Amino acid sequence: MASNMNQSAEAALVIDDVVKRFGRGQEIVTAVDHVSFTVKQGEFVSVIGPSGCGKSTLFNIIGGLLGDYEGAVKIGDERISAPHPAVGMVFQEESTFPWRTVIDNVAFPLELQGVAKSERMDRAHHFIDMVGLASFEKAFPSQLSGGMKQRVSIARTLVSQPKILLMDEPFAALDEQTRLLLGDKITQIQQQLNQTTLLITHNLTEAVQLSDRIVVMTYRPGRVKRIVNIDLPRPRTSDVVGSDAFGHYVAEIWNDLREEASRGMADSESAASRRAAHG
Amino acid sequence: MAETFLRRRAPELFGVATLVASVLVFEALVRGGVVNRYIIPPPSDILLAFERVIVEEHILTRCRDTAIEMIIAGGASVLVGVPIGALLYRSSLWRRAMEDWIGALAAAPIVLAFPLFLVLFGRSPKTIIVMGFVHGLAPIILKTVEGLASTRPVLINVGRSLKMTPSQMFWKILFPSALPVIFTGIRLSWTFVLITIVGVEYLINLGGLGQLINELAERYDLPGTYAGICFVVMVSVLFFVALERVEAWLQPGR
Ligand SMILES: Nc1ncnc2c1ncn2[C@@H]1O[C@H](COP(=O)(O)OP(=O)(O)OP(=O)(O)O)[C@@H](O)[C@H]1O
Ligand SMILES: [Mg+2]
């Protein structure tokens, strides 16, 4: 236990020189290129980068869904090559089970672990409350909005109390207002649980609103361009979005990101014109 | 109030009205001599024949016989078809090898093969049940494969991230996700089963509702024959409405 405490002040998650290539021969795409950073116990880190820079690939590697990669993702001394019980994943696409009610969705991981029904319902209830869906426990996903379904997914991941919460653009499909308010919810939860969190996003305000640190990625091949510390006070709410410091951070990171995003756009434009020339 | 009720029920009312209108048109055509009444009896005669058919022809026993055959054949095609579908989903080689054949089986007019089945199983309910089963099998297999294969990849990833075993993955994610499509297969299959069962009963003059129609036709009781046919149609409509209810009840929230 004591040694655990010592370590906990250190890194909960180490990403060490990770490389992932897809395809072979002439057609090799390097999706993730020598990426290294760490996430400390209780820290909220965001990875931000333009579309196609390898964020989801990194997410899948850390989650253990993509076992074949170079370098090492480590939790403690363990190199990840398959899903690890300490990691809980929230996916980019909507991922609730349409045939289960909200509470049965959230209790699902506990059901797999063989937790007794009454305890499982209690624990599910607790996390449903936490994401603010208490009055929808008996509802089916088809009766919920997109934002509510994402909250169900988050509660379902939190219920098994993962050491590390890993989220891939969980709010990408939502409008800006909903996103800011859900951001508040996430901040609250993270502070309540002291939850170590790695958030993948392409949304700048979201990243600054939520994070302790932001890892800025380059566009193809996906490298770490810069790591920015966000020294905004905690506890935080979406009110920080209006502050000067917030604007300062957004501007600073946008400076880095703009270059990458425009490279990405130029890339897809030239690909499109090549296709047009061929077709 | 009355107006909204009418508007809400408009499709049903329109359907009933169309039916009544076409019955009246037939009545007029037959009575006017445009249609030969020895080919199509006037609808009013058919309506009157209903009582006779129901009272004198042991209709309940016949319904029961057909229903029992239906339940055995339909049940067997589900119990055999779903596991075969699951196996085909698992093995892409089998799937590619078999899918076209099973598709052909679904499209084949199996009723015409009744002499073969007659030789194999004799003039008994066994023949009827086996033929119904064979005809009902293909749609369930195909729809089971389709349903399992259309499971959203992200749901499978959720299962992988939770370290689910293959059997948990099947029973807790793949199967429930495929269920609506499998139900479509069951509805399709049971339509085939019913057609085959009533058809074979008619052809080999044995058992339930199909035989009833055969007997009435051989007695040249045309209004009775048509009443029998209408009765079968009505029973099957009721059956499939009930099936839809069961389906909705089994899958709340979809
Ligand atoms: N299974 C795969 N096979 C081949 N190439 C892949 C595969 N998965 C991803 N790639 C490629 O790797 C690159 C990074 O993809 P990835 O999905 O990680 O990007 P992303 O940053 O998550 O983008 P977005 O923000 O749009 O979700 C892309 O160029 C993509 O074409
Ligand atoms: Mg992505």
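Refer to the preceding data block for the structure.
Since we're looking at a predicted model, the values are computed, not measured.

**Q** Please provide a residue-by-residue account of the overall build of chain A, values included.
**A** Tallying secondary structure elements over chain A gives eight helices and 10 strands in all. Radius of gyration (C-alpha) of chain A: 19 Å, near the 19 Å computed for a compact globule of 279 residues. Projected onto the principal axes, the alpha-carbon positions of chain A cover approximately 60 × 45 × 40 Å. The long-range fraction of contacts in chain A, counting pairs at least 24 apart against all pairs at least 6 apart in sequence, stands at 70%. Seen as two clouds, the 29 positive and the 34 negative side-chain charges of chain A have centres 3 Å apart.

**Q** Provide a residue-level description of the packing of aromatic side chains, including the pertinent values.
**A** Residue and element names in this part refer to chain A. On inspection of all chains with the given rule, the structure shows nine aromatic pairs over all chains. By way of ring pairs, the aromatic residues Phe97, Trp99 and Phe108 are connected into one cluster. Here the basic side chain of Arg79 rests over the ring of Tyr69, its NZ or CZ set 4.3 Å away from the ring centre. One residue, Arg156, lies across the ring of Phe97, its end atom 4.8 Å from the ring centre.

**Q** Explain the pairing of strand S1 (residues 11-22) of chain A residue by residue, including any values.
**A** Residues and elements named next belong to chain A. In the sheet, S1 pairs with strand S2 (residues 29-40) via eight bridges, with the strands oriented antiparallel. Residue Ala11 lies in a different strand from S2, and its bridge partner there is Lys40. Here S1 folds back onto S2, and the loop between the two strands holds six residues, one of which, Gly23, carries a positive phi near 80 degrees. Summarising the sheet, S1 and strand S4 (residues 70-75) pair through four bridges and their orientation is antiparallel.

**Q** Which residues make up the interface of chain B and chain A, and what are the values?
**A** With 18 residues of chain B at the interface, the matching set in chain A holds 21 residues. When chain B packs against chain A, close to 1800 Å² is buried across both sides, 67% of that on carbon and sulfur atoms. Note that A:Glu94 and B:Arg152 form a salt bridge whose closest N and O atoms lie 3.9 Å from each other. Linking chain B to chain A there are four residue pairs in polar contact (both at pLDDT 80 or more). Broken down by element, the residue count for the side of chain B that touches chain A peaks at six residues, all from helix H8 (residues 153-161) of chain B. The class makeup of the residues in the side of chain B that touches chain A is eight nonpolar, five polar and five charged.

**Q** Can you tell me about the coordination of the magnesium ion (ligand 2), naming the residues and giving the values?
**A** Listed as protein donors to the magnesium ion (ligand 2) are A:Ser56 (OG) and A:Gln92 (OE1); their distances from the metal cover 1.9 to 2.7 Å. Taken as a pair, A:Ser56 in helix H2 (residues 55-62) and A:Gln92 in the loop between strand S6 (87-90) and helix H3 (102-113) lie far apart in primary sequence, 36 residues in all.

**Q** A description of the sheet that holds strand S5 (residues 78-79) of chain A should follow, citing residues and the corresponding values.
**A** All names here are of chain A. One open sheet holds the four strands; their spatial order is S2-S1-S4-S5, and the pairing between them is antiparallel. Bordering the open sheet on either side are S2 and S5, each of which pairs with just one other strand. The strands that H2 touches are S1, S2 and S4; relative to S1, the one it contacts most, it runs at about 120 degrees.

**Q** Before we move on, can you summarise the site of ligand 1 with the specific residues and values?
**A** All names here are of chain A. Surrounding ligand 1, one finds Phe22, Ala31, Ser51, Gly52, Cys53, Gly54, Lys55, Ser56, Thr57, Gln92, Glu169 and Arg220. In this structure, an oxygen atom belonging to ligand 1 sits 2.8 Å away from a main-chain N or O atom of Gly52. For ligand 1, an oxygen atom lies 2.6 Å from a polar atom in the side chain of Thr57. Contact with the protein chains hides 63% of the accessible area of ligand 1, taken as 630 Å² for the molecule alone. The element contributing the most residues to the shell around ligand 1 is H2, with three residues. A breakdown of the residues in the shell around ligand 1 according to their chemical character gives three nonpolar, six polar and three charged.

**Q** Give a detailed account of the pattern of salt bridges, specifying residues and quantitative values.
**A** All names here are of chain A. Inspection of every chain in the model, using the stated rule, returns 24 salt bridges over all chains. Measuring nitrogen to oxygen at the nearest pair gives 2.9 Å for the salt bridge that ties Glu206 to Arg179. Of this pair, Glu206 sits in helix H7 (residues 204-210) while Arg179 is found in helix H6 (residues 176-193), placing the two residues 27 residues apart along the sequence. There is no split in this pair, since Glu206 and Arg179 are both buried.

**Q** If you had to explain the nonpolar core to someone new, which residues and values would you point to?
**A** Core analysis: the biggest nonpolar cluster contains 42 residues, and B:Ile186 and B:Trp190 have the highest contact counts within it. Secondary structure elements with two or more residues in this core: helix H3 (43-56), helix H4 (59-90), helix H7 (125-149), helix H9 (166-204), helix H10 (209-218) and helix H11 (222-250) of chain B. Considering each element in turn, this core owes the most residues, 13 residues, to H9(B). B:Ile186 has contacts with B:Val78 and B:Ile140, leaving out every residue within four places of it along the chain. Grouped together as the second largest cluster of nonpolar side chains are 40 residues, A:Phe37, A:Ile62, A:Leu65 and A:Phe91 included.

**Q** Before we move on, could you go through the packing of H3(A) against helix H4 (residues 117-130) of chain A and cite the residues and values that matter?
**A** All names here are of chain A. Two elements in contact, H3 and H4, have axes whose closest approach is 9 Å; the angle formed by their N-to-C orientations is 120 degrees. Taken as axis vectors, H3 and H4 run oblique relative to one another. Considering only the axes of H3 and H4, their crossing is right-handed. Listed contacts from H4 to Val102, Ile103, Asp104, Val106, Ala107, Leu110 and Glu111 of H3 are Arg120, Met121, Arg123, Ala124, His125 and Ile128.

**Q** Give a description of the environment of B:His58 that names residues and reports values.
**A** The topology assignment puts B:His58 in the loop between H3 and H4. On the basis of relative accessibility, which here comes to 55%, the residue B:His58 falls in the exposed class.

**Q** Could you give an account of the sheet that holds strand S3 (residues 44-48) of chain A, naming the residues involved and the relevant values?
**A** All names here are of chain A. Strand order in the open sheet formed by six strands is S6-S7-S8-S3-S9-S10, and the pairing between neighbours is mixed. Strands at the two margins of the open sheet, each flanked by one partner only, are S6 and strand S10 (224-229). Shown here is a sheet whose adjacent strand axes are inclined to one another by a mean of 15 degrees, direction ignored. Sitting on the sheet, H2 touches S3, S6, strand S7 (164-168) and strand S8 (196-201), and the angle it makes with S7 is about 150 degrees. Sheet contacts for helix H5 (residues 146-158): S6 and S7; angle to S6, the most-contacted strand, approximately 170 degrees.

**Q** Please provide a residue-by-residue account of the pairing of S3(A), values included.
**A** Residues and elements named next belong to chain A. Among the five residues in S3, five count as buried, and that is most of the element. Burial of S3 is two-sided: the residues Phe44, Ser46 and Ile48 facing one way and the residues Val45 and Val47 facing the other way are all buried. Where S3 lies against S8, five bridges are found, and the strand directions are parallel. When the sheet's bridge partners are listed, Ser46 is paired in S8 with Leu199. Relative to strand S9 (residues 213-217), S3 runs parallel, the two sharing four bridges. Bridging across to S9, Val47 finds its partner in Val215.

What counts and what doesn't
Residues numbered from 1 in each chain as written. Chains lettered and ligands numbered in written order. Predicted model: local features only at pLDDT ≥ 70, side-chain atom pairs only at ≥ 80, totals over all residues. Heavy atoms only, no water. Helix = DSSP H or I, 4+ residues; strand = E, 2+ residues; numbered from the N terminus. Rg over C-alpha atoms; globule rule 2.2 N^0.38 Å. Contact = heavy atoms within 4.5 Å. Lys, Arg positive; Asp, Glu negative; His and termini not counted. Charge placed at Lys NZ, Arg CZ, Asp CG, Glu CD. Phe/Tyr/Trp six-rings, centres within 6.5 Å; stacked < 30°, edge-to-face > 60°. Lys NZ or Arg CZ within 6 Å of the ring centre and 35° of its normal. Pairing = 2+ DSSP bridges. Buried area = accessible area lost by both parts, 1.4 Å probe. Salt bridge = Lys/Arg side-chain N within 4 Å of Asp/Glu carboxyl O. Polar contact = N/O pair within 3.5 Å; in protein donor to acceptor, adjacent residues only side chain to side chain. Nonpolar A, V, L, I, M, F, W, Y, C, P; charged D, E, K, R; others polar. Donors = N, O, S within 2.8 Å, 3.2 Å for Na, K, Ca; no water. Axes fitted to C-alpha atoms, helices over the stretch in contact; angles between N-to-C directions. Near = heavy atom within 4 Å. Areas by Shrake-Rupley, 256 points an atom, 1.4 Å probe, with all protein chains shown as cover. Buried < 20%, exposed > 50% of the residue type's maximum accessible area, 1.4 Å probe, protein only. Core = buried A, V, L, I, M, F, W, Y, C linked by side-chain atoms within 4.5 Å. Parallel < 35°, antiparallel > 145°, perpendicular 65-115°, else oblique. Left-handed = near helix turned anticlockwise from the far one by under 90°.

The values reported here are purely geometric and, on their own, carry no functional implication.
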